[in-house]
2 protein chains.
Amino acid sequence: MKGILFVLSGPSGTGKGTVCKEVLKRNKNIFLSVSATSRPIRDGETEGETYYYVSKEKFIDMIDNGEMLEYAVFNGNYYGTPKHAVYKLIESGRDVLLEIEPQGAAQVRKLFPEAELIFLLPPSMIELKQRLVSRGRESMDEIKNRLKAARWELLQADKYNTQIINDDLDDCVRSVIDYINTKHNQRQKIDDLLNEEI
Amino acid sequence: MKGILFVLSGPSGTGKGTVCKEVLKRNKNIFLSVSATSRPIRDGETEGETYYYVSKEKFIDMIDNGEMLEYAVFNGNYYGTPKHAVYKLIESGRDVLLEIEPQGAAQVRKLFPEAELIFLLPPSMIELKQRLVSRGRESMDEIKNRLKAARWELLQADKYNTQIINDDLDDCVRSVIDYINTKHNQRQKIDDLLNEEI
């Protein structure tokens, strides 16, 4: 059986990164796809592990050649998911997890409709605001913009295959893993039925 | 909040009708949409309850005017789901359940992509064959055709939002109701977040 592509997305501050890390730690049957970036390699990072590092020109070429499943630009640097990395894993029967922004998730939905999209919901908008404030990365103006973006992203949330609330981290991680296992078992069951001789 | 349209489908012999009846009996928050048919009314049936009865000409007019969410022809009679009946329930905030053949479900997916499609799986193909034989409605040739159709339908099963195995009826009904409640709560949560003042 082919693997399944799972996409974990949601507004900034819902804890995508933390949930993704925990899911991968607790479930060794799911693989992370390595992203490509045009930003320079940093100390402690490894080519082909942290990222595939390519020049901006090469990245733009890859976009033009349809080699990207999704991409986005942050602070003038390109970040994206090369199709070949994902497809290789899926063809070899491995389930893959991508953790990306909602814009990227929308691109994946279009190019790869059989992907399973998971939208992380905050317990409340007040709580989301407090998380953004307490991580202290952005100014109040930037936080206001992120909350505005979150509202827009929430309007797309029902296009995802499922929505999971990240209130308690442990509960949330367990729900994501349950969802992944359920989907895996469902596709396995369909496959078994199709292969049954009668 | 608007209601959700749930579609229960699956190959002939998976027990769609029985599961649907039990779900409606046990969950009073979900409503059945009344279908239209061009076949004559029978003893014990009620207009607007069992079916909406219309002439064949009227039915074809309704198709041509885009008034049908889905339809199919069996033994020369038309059967289908008028949009207005479904939309009225959904607009009034009610969740609706449709029990239809896979061809009809494919039409609904196209016209109403926000519908939640549930595919009923048999525990095995052997078991499906036995169910078709033991209900004694079809000849062995017809059963062979139904099993062939089931294989084709199974190839579409992963396009449904979820797949539920009908092995033990009680477990299956509970899984369908759980799925309906989960989806209802997820949409409610998104709605609450969007309506929260911050």
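Note: the structure precedes this text.
Please read all numbers here as calculations on a predicted model, not as lab measurements.

Cut-offs and rules
- Residues numbered from 1 in each chain as written.
- Chains lettered and ligands numbered in written order.
- Predicted model: local features only at pLDDT ≥ 70, side-chain atom pairs only at ≥ 80, totals over all residues.
- Heavy atoms only, no water.
- Least-squares fit on C-alpha atoms with pLDDT ≥ 70 in both.
- Contact = heavy atoms within 4.5 Å.
- Buried < 20%, exposed > 50% of the residue type's maximum accessible area, 1.4 Å probe, protein only.
- Helix = DSSP H or I, 4+ residues; strand = E, 2+ residues; numbered from the N terminus.
- Buried area = accessible area lost by both parts, 1.4 Å probe.
- Polar contact = N/O pair within 3.5 Å; in protein donor to acceptor, adjacent residues only side chain to side chain.
- Axes fitted to C-alpha atoms, helices over the stretch in contact; angles between N-to-C directions.
- Parallel < 35°, antiparallel > 145°, perpendicular 65-115°, else oblique.
- Left-handed = near helix turned anticlockwise from the far one by under 90°.
- Nonpolar A, V, L, I, M, F, W, Y, C, P; charged D, E, K, R; others polar.
- Phe/Tyr/Trp six-rings, centres within 6.5 Å; stacked < 30°, edge-to-face > 60°.
- Lys NZ or Arg CZ within 6 Å of the ring centre and 35° of its normal.
- Patch = residues over 30% accessible without salt bridge, like charges linked within 9 Å, V, L, I, M, F, W, Y side chains within 5 Å.
- Areas by Shrake-Rupley, 256 points an atom, 1.4 Å probe, with all protein chains shown as cover.
- Salt bridge = Lys/Arg side-chain N within 4 Å of Asp/Glu carboxyl O.
- Lys, Arg positive; Asp, Glu negative; His and termini not counted.
- Charge placed at Lys NZ, Arg CZ, Asp CG, Glu CD.
- Pairing = 2+ DSSP bridges.
- Disulfide = S-S within 2.5 Å.

> Now, about the relation of the copies chain B and chain A: what can you tell me, with residues and values included?
Superposing chain B onto chain A takes a rotation of 180° combined with a translation of 0.0 Å along the rotation axis, leaving an RMSD of 0.0 Å. The transformation relating the two chain copies, once decomposed into turn and shift, fits a two-fold axis. Taking C-alpha positions as reference, the residue of chain B nearest the rotation axis is Asn161(B), located at 3.5 Å. Most of the interface of chain B is mirrored in chain A, where 100% of its interface residues again form contacts.

> Just give me the short version of helix H1 (residues 16–26) of chain A, but keep the residues and values in it.
Within H1(A), burial applies to Lys16(A), Val19(A), Cys20(A), Glu22(A), Val23(A) and Leu24(A). Buried residues in H1(A) make contact with strand E1 (5–9), strand E2 (30–32), strand E7 (95–99), strand E8 (116–121) and helix H7 (169–195) of chain A.

> Please give an account of the interface of chain B and chain A that cites residues and values.
Counting from both sides, the interface comprises 25 residues of chain B and, opposite them, 25 residues of chain A. Carbon and sulfur atoms supply 63% of the area buried between chain B and chain A, which totals about 2,500 Å² over both sides. Considering only the surface of chain B that becomes buried against chain A, Leu193(B), Leu194(B) and Ile198(B) emerge as the three largest contributors, covering 24% of it. If you look at where chain B meets chain A, you find 14 residue pairs in polar contact (both at pLDDT 80 or more).

> Tell me about the environment of Tyr87(B), and please be specific about residues and values.
All names here are of chain B. Relative to the assigned elements, tyrosine 87 resides in helix H3 (residues 83–91). The exposure class of tyrosine 87 is partly exposed, given its relative accessible area of 28%. Discounting chain neighbours no more than four positions away, the residues touching tyrosine 87 are Leu69 and Phe112.

> Describe the packing of helix H1 (residues 16–26) of chain B against helix H7 (residues 169–195) of chain B, naming the residues involved and giving the relevant values.
Residue and element names in this part refer to chain B. Following both chains from N to C, one finds H1 and H7 inclined at 60°, their axes separated by 9 Å at the closest point. As judged from the angle between their axes, H1 and H7 are oblique. Between H1 and H7 lies a crossing whose hand is right-handed. Contact with H1, carried on its side by Thr18, Val19, Glu22, Val23 and Arg26, involves Leu169, Asp170, Cys172, Val173, Val176, Ile177 and Ile180 of H7 and no other residues of that element. In terms of residue class, the contact of H1 with H7 is built from eight nonpolar, one polar and three charged.

> Would you mind going over the packing of aromatic side chains in detail, with residue names and values included?
Tallying each qualifying case throughout the model produces 14 aromatic pairs over all chains. Through pairs of rings, three or more aromatic residues link up here, namely Tyr51(A), Tyr53(A), Phe74(A) and Tyr79(A). Sitting above the plane of the Phe31(B) ring, Arg94(B) keeps its charged end 5.2 Å from the centroid.

> Now, about a negative patch on the surface: what can you tell me, with residues and values included?
All names here are of chain A. Taken together, Glu57, Asp61, Asp64 and Glu67 make up a surface patch of like negative charges. The topology assignment puts glutamate 67 in the loop between helix H2 (56–64) and strand E5 (68–74). A relative accessible area of 32% places glutamate 67 in the partly exposed class.

> A description of the sheet that holds strand E4 (residues 52–53) of chain B should follow, citing residues and the corresponding values.
Residues and elements named next belong to chain B. Here we have four strands laid out as an open sheet, ordered E4-E3-E6-E5, and mixed in their pairing. Edge positions in the sheet fall to E4 and strand E5 (68–74), since each of these pairs with one other strand and no more. Relative to E4, strand E3 (residues 36–37) is paired through two bridges, and the arrangement is parallel. Bridge pairing in E4 places alanine 36 opposite tyrosine 52.

> An account of the sheet that holds strand E6 (residues 77–82) of chain A is requested, with residue identities and associated values reported.
Residues and elements named next belong to chain A. Taken in spatial order, the four strands line up as E4-E3-E6-E5 in an open sheet, and their pairing is mixed. The outermost strands of the open sheet, each flanked by one partner alone, are strand E4 (52–53) and E5. Judged from the six bridges that link them, E5 and E6 form a sheet pairing that is antiparallel. Across the sheet, the residue bridging to tyrosine 71 is glycine 80, located in E6. Sheet strands touched by H2: strand E3 (36–37), E5 and E6. Its angle to E6, the strand with the most contacts, is close to 45°.

> Any details on the state of the cysteines? Residues and values, ideally.
Applying the stated criterion across every chain, the model contains zero disulfides over all chains. Looking at Cys20(A), it has no disulfide partner, and the nearest cysteine sulfur is the one in Cys172(A), 11 Å off.

> Residues and numbers for the pattern of salt bridges, please.
Residues and elements named next belong to chain A. In total, this model carries 22 salt bridges over all chains according to the counting rule given. Taking the shortest distance from any N to any O, the salt bridge between arginine 26 and aspartate 170 comes out at 2.9 Å. With arginine 26 in helix H1 and aspartate 170 in helix H7, this residue pair connects regions lying 144 residues apart in the sequence. With a relative accessible area of 31%, aspartate 170 lands in the partly exposed category. One salt-bridge network, in which partners are shared between bridges, spans Glu22, Lys25, Arg26, Asp170 and Arg174.

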